[in-house]
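Given next are the chains, with one letter for each unit.
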Amino acid sequence: MIAANLRERILSGEIPDGGMLPKQEELLAEFQVSFPSVREALRILETEGLITVHRGNIGGAEVHRPEPSRTAYMFGLVLQAGHVTLADVVEALRQFEPACAAAAAGRPDRDDTVLPALAANLEQSRLAIDDPPAYAGLARQFHVDLVAGCGNATMSVVVGVLESLWTAHVTELGRKPVQLGSFADRKVRQTSLREHEKLYSAVARGDGRAAERLAREHLSEGWRHQGDWRHGFDLDQVVRAGLLRDR
């Protein structure tokens, strides 16, 4: 009961992100319960990632608004427990991300909400074309920004969870030069950049059908290229949720 009450206050914004829960003495008086009950309620909320309990003289329970990254971690745990492979995650992205591209192109406010982030990414990508690790990270971020700009909150969170999961693995497994796969080839990086530029243009002119087609072709080509979506690691390995926790 205590945890449910405090959770509702956090989710409603009554207690803002970064704010503090009432002190334990205040909670004891408000709910008329014993100290173990309050402590257990705080433990529940901390396990859910909604608070961090600080000990000591200046201690207290700091509030955290729910974040997609925490959702991605829990989702990753479910996939890892089911022995789901990275190939399965990539295939899901290949199905869902083109819909996000079409939705982003259909936004009437895309000039302000979608295009600036994508344009900035492309500019950085051009500058990093001769730096394979840097380019690989920027190429991945382009997809993250595209999904985030789709304009549908539910789609953004759901597909964003998959993007976060895949990005964590690309970041971790692609640290070594040998793991750059075909991205070590400058021609492949140039092809990737051109495909991103075409996708940006389709979104910019509001052509949802073209944006969806280009996104699907881009993702499909990456899947076919050496069978590893342009990254040199095994997609048959099982998802590792811990990579999200570490991030």
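The structure this text deals with has already been given above.
About the criteria used
- Residues numbered from 1 in each chain as written.
- Predicted model: local features only at pLDDT ≥ 70, side-chain atom pairs only at ≥ 80, totals over all residues.
- Heavy atoms only, no water.
- Salt bridge = Lys/Arg side-chain N within 4 Å of Asp/Glu carboxyl O.
- Helix = DSSP H or I, 4+ residues; strand = E, 2+ residues; numbered from the N terminus.
- Buried < 20%, exposed > 50% of the residue type's maximum accessible area, 1.4 Å probe, protein only.
- Core = buried A, V, L, I, M, F, W, Y, C linked by side-chain atoms within 4.5 Å.
- Contact = heavy atoms within 4.5 Å.
- Axes fitted to C-alpha atoms, helices over the stretch in contact; angles between N-to-C directions.
- Parallel < 35°, antiparallel > 145°, perpendicular 65-115°, else oblique.
- Arc of directions from axis to C-beta.
- Polar contact = N/O pair within 3.5 Å; in protein donor to acceptor, adjacent residues only side chain to side chain.
- Expected span 1.5 Å × (residues − 1).
- Left-handed = near helix turned anticlockwise from the far one by under 90°.

(A) View of the pattern of salt bridges. One pass over the full model with this rule turns up 12 salt bridges. Two residues, Glu40 and Arg43, come together in a salt bridge whose shortest N-O distance is 2.7 Å. With Glu40 and Arg43 both in helix α3 (residues 35–47) and three residues apart, the pair spans about one turn of that helix. Relative accessible area serves as the criterion here: at 37%, Glu40 is assigned to the partly exposed category. Residue Arg43 is classed as partly exposed on the basis of its relative accessible area, which comes to 45%. Put simply, Glu123, Arg126 and Glu197 are held in one network by salt bridges that share partners.

(B) Expanded view of the nonpolar core. Among the nonpolar cores identified, the biggest contains 23 residues, and Ala101, Tyr135, Leu146, Phe183, Leu199, Val203 and Ala211 are the most heavily contacted of them. Those elements giving two or more residues to this core turn out to be α5 (86–105), α7 (115–127), α8 (132–148), α10 (186–204) and α11 (208–224). With residues near it in sequence (within four places) discarded, Val203 still touches Ala101, Ala104, Ala105, Arg110, Val114, Leu115, Leu146 and Ala211. By size, the runner-up hydrophobic cluster in this structure holds 22 residues, among which are Ala72, Val90, Cys100 and Leu235.

(C) Fine view of the side chain of Arg140. Along the chain, the position of Arg140 falls in helix α8. Take Arg140: its relative accessible area is 6%, and that puts it in the buried class. Excluding residues that lie within four positions of it along the chain, Arg140 makes contacts with Glu163, Trp166, Thr167 and Val170.

(D) Expanded view of the packing of α7 against α8. Packing of α7 against α8 brings their axes to within 10 Å, and their N-to-C directions diverge by 170°. Of the possible angle classes, the one that applies to α7 and α8 is roughly antiparallel. Taken together, the residues of α8 that come into contact with α7 (itself represented by Ala117, Leu118, Asn121, Leu122, Gln124 and Ser125) are Tyr135, Leu138, Gln141, Phe142, Asp145 and Leu146.

(E) Main features of helix α1 (residues 2–12). Considered for burial, the residues of α1 that qualify are Ile2, Ala3, Leu6, Arg9 and Ile10. The buried residues of α1 occupy one face: seen down the axis, they fall within an arc of 130°. Residues of α1 that are buried sit in contact with α2 (24–31), α3, β1 (51–54) and β2 (60–63). Immediately downstream of α1, the backbone of Gly13 shows phi near 90°, a positive value.

(F) Region of the structure containing the environment of Arg65. One can find Arg65 in the loop between β2 and α4 (68–81). Taking the C-alpha atoms as reference, Arg65 lies 8.2 Å from Gly18; in sequence the two are 47 residues apart. Not counting chain neighbours up to four residues away, the residues in contact with Arg65 comprise Ile10, Leu11, Ser12, Gly13 and Asp17. There is a polar contact of 3.0 Å between the side chain of Arg65 and the backbone oxygen of Leu11.

(G) Highlighting unusual backbone geometry. Notably, Gln32 is not glycine yet its phi reads approximately 55°, a positive angle. Mapping Gln32 onto the fold places it in the loop between α2 and α3. Even without a glycine there, the phi angle at His83 is positive, about 55°. Within the fold, His83 resides in the loop between α4 and α5.

(H) Local environment of α4. Along its 14 residues, α4 runs 20 Å from first to last C-alpha, staying within 8% of the 20 Å computed at 1.5 Å per residue. All of the buried residues in α4 are Ala72, Gly76 and Leu79. The buried residues of α4 occupy one face: seen down the axis, they fall within an arc of 65°. Seen from the buried face of α4, the exposed residues on the opposite side, beyond 90 degrees, are Val78 and Ala81.

(I) Structural detail: the packing of α1 against α2. At a minimum axis distance of 12 Å, the contact between α1 and α2 shows a crossing angle of 115°. In terms of orientation, α1 and α2 fall into the roughly perpendicular class. In terms of crossing hand, the pair formed by α1 and α2 is right-handed. Across from Ile2, Asn5, Leu6 and Arg9 in α1, the residues of α2 making contact are Leu27, Glu30 and Phe31.

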